[in-house]
Amino acid sequence: MSASSEQHPDKHHSDKQEHKRYRYLVFIGRFQPFHCGHKAVIDEALKRSDEVIMLIGSANLPRSLRNPFSVDERAAMIKNAYSDEEAARIHCVGLDDALYNDTRWLQYVQAGVKSVTGDLQTDIGLIGHSKDSSSYYLSLFPNWDSVSVPNYHNLSATPIRDSYLMGATPTPERTPESTRNVLDQFKKTDDYKQLHEEADFIDKYKRQWESAPYPPTFMTADALIVQSGHILLVERRSLPGRGLWALPGGFLNPKETLFDACIRELREETRLKVPEPVLRGSCHSQHTFDDPYRSARGRTITQAFYFQLKNDPKGLPKVKGGDDAIKAFWLPLAELDAKMMFEDHYAIITKMVGL
């Protein structure tokens, strides 16, 4: 599960808690970037609690169109929007995503809060403004009260971020000065230039479907190959995600099954030296991954196939990058790095391999 700054409930004992003061109020979000709507929530939290815990989601991921700013950059946007005295009451803690694993995400949330409070028995509440699926979100935190704050001018980080990455400058009406300072500095970096190039690529990519009667849904297949504690990865050659590590895979052709697409893409991108009958017989499991935001290219659902190859005293099979891959390589599972992984491929691996 990934944190969303607008994914908070309308009501959860809110009438009873209207005048209650808390020791800590917790605000969970991605803050990509931090805007005036987020600040309005913190302003209320500072009135209603002694201290505010900001759990900054999507930590430890590579920069992307959806997550361009680091935890430190977002923390600077937040804390520099306040006086030194107020900022001392705001605790910014990075929160890892755990897509497809609510239990693990809850563990991350609890650990993040506990890192500030010392325990989870303290007087704690959740603060935010309402969004869809609020009942489900609330059910994850039955022991914490909820403080609901009205949406400030219907602000959303998405259009602010999208226009900024296309070259626009955020306005004072939507973003605090502290945020604009970080964005101004970031615009001078090579990281911004790469994201700007990628944003332009995605914009042109999506324009190909403007005449479609409804937004398209894409289907892909990915191969997760493990042998002797190593996983087979490729380095992406093209946008989006150029230079990032990924599972071998790609789009489904009109006249092939998902499994056949997986085998074909695996062969094209890695030249894996394993006989096809052996490969097909090594498929351990498969799973569908359909988070709506998993790809910047649009709604993209993937079917991942997990292959467990037998240990071989001769070593790992030879591989060579091809097609969309600069290179193919075997990586020890202990060296997997979420900051290097494309889209949700790290979450796919941890889900299927059970890391």
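Rules used throughout
- Residue numbers run consecutively from 1 along every chain, following the written order of its sequence.
- A pLDDT threshold of at least 70 governs which residues receive local features in this predicted model, and a stricter bar of 80 or more applies before side-chain atom pairs are shown or counted, although totals over entire chains, interfaces and linings include all residues.
- The side-chain numbers reported here are obtained from all heavy atoms of the structure, hydrogens and water having been left aside.
- Patch criteria: residues need more than 30% relative accessible area and no salt bridge. Like-charged residues are merged within 9 Å; nonpolar side chains of Val, Leu, Ile, Met, Phe, Trp and Tyr are merged within 5 Å.
- All accessibility values rest on the Shrake-Rupley procedure with a 1.4 Å probe; residue burial counts only the protein chains present in the view.
- Here, a salt bridge means any side-chain nitrogen of Lys or Arg that lies within 4 Å of a carboxyl oxygen of Asp or Glu.
- Charge assignment in this entry is limited to Lys and Arg as positive and Asp and Glu as negative, and neither His nor the chain termini are counted.
- Here the site of a charge means NZ on Lys, CZ on Arg, CG on Asp, or CD on Glu.
- Working definition: helices are DSSP H or I runs of at least four residues, strands are E runs of at least two. Numbering for both runs from the N terminus.
- Burial classes follow relative accessibility: with a 1.4 Å probe on protein chains only, a residue under 20% of its type's maximum area counts as buried, one over 50% as exposed, and anything between as partly exposed.
- A strand pair is defined by DSSP finding two or more bridges across the two strands.
- Angles here are taken between N-to-C directions and fall from 0 to 180 degrees, while the axes themselves are lines fitted to C-alpha atoms, restricted in helices to the stretch in contact.
- By definition, residues are in contact when any of their heavy atoms lie within 4.5 Å.
- Centres within 6.5 Å are what make two rings of Phe, Tyr or Trp a pair, Trp counting through its six-membered ring; a difference in plane orientation under 30 degrees is then read as stacked, over 60 as edge-to-face, and the rest as tilted.
- As a reminder, the over-ring test applies to NZ of lysine and CZ of arginine, requiring each to be within 6 Å of the ring centre and within 35 degrees of the ring normal.
- Here a polar contact means two N or O atoms within 3.5 Å. Within protein one must be a hydrogen donor candidate and the other an acceptor candidate, and residues neighboring in sequence count only if both atoms are side-chain atoms.
- The term nonpolar core refers to a set of buried residues drawn from Ala, Val, Leu, Ile, Met, Phe, Trp, Tyr and Cys, joined through side-chain atoms within 4.5 Å.
- UniProt positions are given in the numbering used here, feature names are shortened, and annotations may be inferred rather than shown by experiment.
- Given a helix with a known number of residues, its expected span is that number minus one, times 1.5 Å.
- By convention in this document, the label disulfide applies to cysteine sulfur atom pairs within 2.5 Å.
- With its strands directed away from the observer, a crossover is right-handed exactly when the path from the first strand over the helix to the second travels clockwise.

Student: Teacher, can you tell me more about a positive patch on the surface here?
Tutor: A contiguous patch of positive charge, built from Arg 271, Lys 273, Lys 318 and Lys 320, is present on the exposed surface. Along the chain, Arg 271 falls in the loop between helix H9 (258-270) and helix H10 (276-281). For Arg 271, a relative accessible area of 44% corresponds to the partly exposed category.

Student: Looking at this model, I keep getting lost on the sheet that holds strand S1 (residues 22-29). Mind explaining?
Tutor: Sheet architecture is open: 5 strands sit in the order S3-S2-S1-S4-S5, paired in parallel fashion. Two strands lie at the open edges of the sheet, namely strand S3 (90-96) and strand S5 (145-148), each paired on one side alone. In this sheet, adjacent strand axes meet at a mean angle of 30 degrees when their direction is disregarded. Here strand S4 (residues 124-128) runs beside S5; their pairing, made up of 4 bridges, is parallel. What sits directly across from Leu 126, in S5, is Ser 146. Contacting strand S2 (49-59) and S3, helix H2 (residues 71-79) runs over the sheet at an angle of about 150 degrees to S2. Packing of helix H4 (residues 102-117) onto the sheet brings it into contact with S1, S2, S3 and S4, and relative to S3 it is tilted by some 155 degrees.

Student: How should I be thinking about the pattern of salt bridges in this particular structure?
Tutor: For side chains of opposite charge, pairing can occur when their charged atoms come near one another. Taken as a whole and judged by the stated rule, the model has 20 salt bridges. Here Glu 197 makes a salt bridge to Arg 242, at a shortest N to O gap of 3.0 Å. With Glu 197 in helix H8 (residues 190-207) and Arg 242 in the loop between strand S7 (230-236) and strand S8 (245-246), this residue pair connects regions lying 45 residues apart in the sequence. Classification of Arg 242 as partly exposed rests on a relative accessible area of 33%. A salt bridge links Asp 203 to Arg 207; its shortest N-O distance comes to 3.0 Å.

Student: Got a minute to help me understand the packing of aromatic side chains in this structure?
Tutor: Aromatic ring pairs are described here by two measures, namely the spacing of the ring centres and the angle between the planes. Within this structure, the stated rule accounts for 16 aromatic pairs. Arranged with centres 5.6 Å apart and planes meeting at 70 degrees, the rings of Trp 245 and Phe 329 form a pair that is edge-to-face. Of this pair, Trp 245 sits in strand S8 while Phe 329 sits in strand S12 (residues 325-332), and the two are 84 residues apart along the sequence. Owing to a relative accessible area of 13%, Phe 329 belongs among the buried residues under this scheme. Members of the aromatic cluster, connected to one another through ring pairs, are Phe 201, Tyr 205, Trp 209, Phe 218 and Phe 251. Of note, Arg 236 hangs over the ring of Phe 342, and the distance from its end group to the ring centre comes to 4.1 Å. Sitting above the plane of the Phe 329 ring, Lys 327 keeps its charged end 5.3 Å from the centroid.

Student: Looking at this structure, how should I read the side chain of Gln 303?
Tutor: Note that Gln 303 resides in strand S11 (residues 300-308). Residue Gln 303 is classed as buried on the basis of its relative accessible area, which comes to 8%. Only 2.8 Å separates the side chain of Gln 303 from the side chain of Gln 286, close enough to count as a polar contact. Here Gln 303 is in contact with Met 219, Thr 220, Ala 221, Asp 222, Leu 258, Gln 286, His 287 and Thr 288, once residues within four sequence places are set aside.

Student: Just checking my understanding: could you explain the nonpolar core for this structure?
Tutor: The biggest cluster of nonpolar side chains holds 33 residues, and the ones touching the most others in it are Ile 42, Met 54, Ile 78 and Ile 127. Excluding its chain neighbours within four sequence positions, the residues that come into contact with Met 54 are Phe 27, Phe 31, Ile 42, Ile 78, Ile 90, His 91, Cys 92 and Val 93. Grouped together as the second largest cluster of nonpolar side chains are 22 residues, Ala 221, Ile 263, Leu 309 and Ala 325 included.

Student: Honestly, the UniProt feature "domain: Nudix hydrolase" (unreviewed entry) in the protein chain in this entry has me stumped. Any pointers?
Tutor: Mapped onto the present numbering, the UniProt feature "domain: Nudix hydrolase" (unreviewed entry) falls on residues 216-355. As annotated, residues 216-355 has a helix share of 20% and a strand share of 33%, and its two end C-alpha atoms lie 33 Å apart.

Student: What should I look at first to understand helix H1 (residues 36-48) in this one?
Tutor: Along an α-helix, residues three or four positions apart point the same way, because every turn accommodates 3.6 residues. With 13 residues, H1 should reach 18 Å at 1.5 Å per residue; the first-to-last C-alpha distance of 18 Å fits that figure. Here H1 has its buried residues at Cys 36, Gly 37, His 38, Ala 40, Val 41, Ile 42, Ala 45, Leu 46 and Arg 48.

Student: Explanation requested: the state of the cysteines in the structure shown.
Tutor: Here is the idea: a disulfide is a covalent bond, and it sits between the sulfur atoms of two cysteines. By the definition in use, this model includes 0 disulfides. In this structure Cys 92 is a free cysteine whose sulfur lies 17 Å from that of Cys 36, the closest cysteine sulfur available. Looking at the unpaired Cys 283, the closest cysteine sulfur is the one in Cys 262, lying at 7.3 Å. Its relative accessible area of 28% is what places Cys 283 among the partly exposed residues.

Student: Just to check I follow, could you spell out the pairing of S1 for this structure?
Tutor: Each regular strand displays side chains that alternate between the two surfaces of the sheet. Where burial is concerned, most of S1 is hidden: 7 out of the 8 residues are buried. Read from S1 through H1 to S2, the crossover connection turns out right-handed. Pairing analysis gives 3 bridges linking S1 to S4, with the strands arranged parallel. Among the inter-strand pairings, Val 26 is bridged to a residue of S4, identified as Leu 126.

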